[in-house]
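Tertiary structure, described
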Amino acid sequence: MDQKHLQLALNDGHFIPVLGFGTSIPNKVPKSKIIEATKLAIDAGFRHIDAAYLYQNEEEVGLAIRSKIADGIVKREDIFYTSKLWPTFSKPELVQPALEMSLKKLQLDYVDLYLIHFPTPLQCLLLFQPGEDIIPRDEHGKLLFDTVDLCDTWAAMEKCKELGLAKCIGVSNFNRRQLEMILNKPGLKYKPVCNQVECHPYLNQSKLLAFCKSKDIALVAYCALGTSRDERWVDPASPVLLEDPVLCAMAKKHQRSPAQIALRYQMQRGVVVLAHSLNENRIKENMQVFEFQLTSEDMKILDGLDRNFRYNTADYLAGHPNHPFFDEY
């Protein structure tokens, strides 16, 4: 098999490419940039495209994918496309309409993977309307959370899989307790195939990774290169992962970039990893992670960088009884 398309087997029999291209961009970046970057990523060899309703750019990402299909560069079945259910659509009756809305924006018939984006149901104030609240609050600024049972949300996700709207279903930002709640759901038809979480040398998620492996659930890493410091979600003063002296010294030793070291680290741990860039050279460089290996000593050194530091603290969900990041893992 072409090394660029190395894949990991999921617990439902499907396969996920171990390296994915992330499509979230800061608000200040024009959306046309993500069309260009997604096309460049596909040209560079990326076949796993990670997106979400939250990123508000699925029309643009869909356009890029469809143009590469039209050009004969890829077929639809070559692309592994992920979308995510935002918490305002956690009510079971909203799950399928939310996915169908994403598919309409994409102009695709199915997604390869659909994830519950956060285990924090929120009230839906304006359903699929312009100006709807991503983070709904009352007039005093208090978060408007909903009391949906996530097991009911999961049953609606299972229905989307059975209808062929999503080939695979999984979760994102779930802690161990929340994963166990789904796994122990009476009448469970399909386990989550993955849990997509923040994961990088400063937050290596070793306990959550071990738990997921024990349940045959893939761990998918976002923020694997640190973060673009989008002020809506991340403290701009947070440390720059790719400037870490240990990471930089290892990059120099291997004659690679710090980003390539951070991505390779995850792959060798059995983690599916998402790389995010709008820069053509860096997109191509990120695809070169299959060309070298880290030693077990290198891996130990990188494990030692863990400081339980989270870029995406999800403070915007503060006060939610289901907030996932207060448990140890």
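Here, the structure is the one placed above.
Definitions and cut-offs
Residues numbered from 1 in each chain as written. Predicted model: local features only at pLDDT ≥ 70, side-chain atom pairs only at ≥ 80, totals over all residues. Heavy atoms only, no water. Helix = DSSP H or I, 4+ residues; strand = E, 2+ residues; numbered from the N terminus. Buried < 20%, exposed > 50% of the residue type's maximum accessible area, 1.4 Å probe, protein only. Contact = heavy atoms within 4.5 Å. Polar contact = N/O pair within 3.5 Å; in protein donor to acceptor, adjacent residues only side chain to side chain. Axes fitted to C-alpha atoms, helices over the stretch in contact; angles between N-to-C directions. Parallel < 35°, antiparallel > 145°, perpendicular 65-115°, else oblique. Left-handed = near helix turned anticlockwise from the far one by under 90°. Nonpolar A, V, L, I, M, F, W, Y, C, P; charged D, E, K, R; others polar.

**Some details on the environment of Ile 16**
Relative to the assigned elements, Ile 16 resides in strand E2 (residues 15–17). Residue Ile 16 is classed as buried on the basis of its relative accessible area, which comes to 0%. Remark: the alpha-carbon pair of Ile 16 and Thr 227, spanning 211 residues in sequence, is separated by 23 Å. Non-local contacts of Ile 16, meaning those with residues more than four positions away in its chain, are made with Leu 6, Gln 7, Leu 8, Leu 10, His 48, Phe 80, Leu 113, Val 220 and Val 272.

**Some remarks on the side chain of Ser 277**
For Ser 277, the position within the fold is in the loop between strand E10 (272–275) and helix H9 (280–286). For Ser 277, a relative accessible area of 7% gives the class buried. In this structure the side chain of Ser 277 is engaged in a polar contact, spanning 3.0 Å, whose partner is the backbone nitrogen of Asn 279. In this structure Ser 277 touches Phe 21, Ala 37, Arg 282, Ile 283 and Asn 286, once residues within four positions along its chain are discounted.

**Here's the deal with the packing of helix H5 (residues 176–183) against helix H6 (residues 206–214)**
Their axes nearest at 11 Å, the elements H5 and H6 cross at an angle of 15°. By the criterion of interaxial angle, the relationship of H5 to H6 is roughly parallel. Considering only the axes of H5 and H6, their crossing is right-handed. Residues Arg 176, Leu 179, Glu 180 and Leu 183 of H5 form the contact with H6, whose own contacting residues are Leu 208, Phe 211 and Cys 212. Among the residues forming the contact of H5 with H6, the class breakdown is five nonpolar, no polar and two charged.

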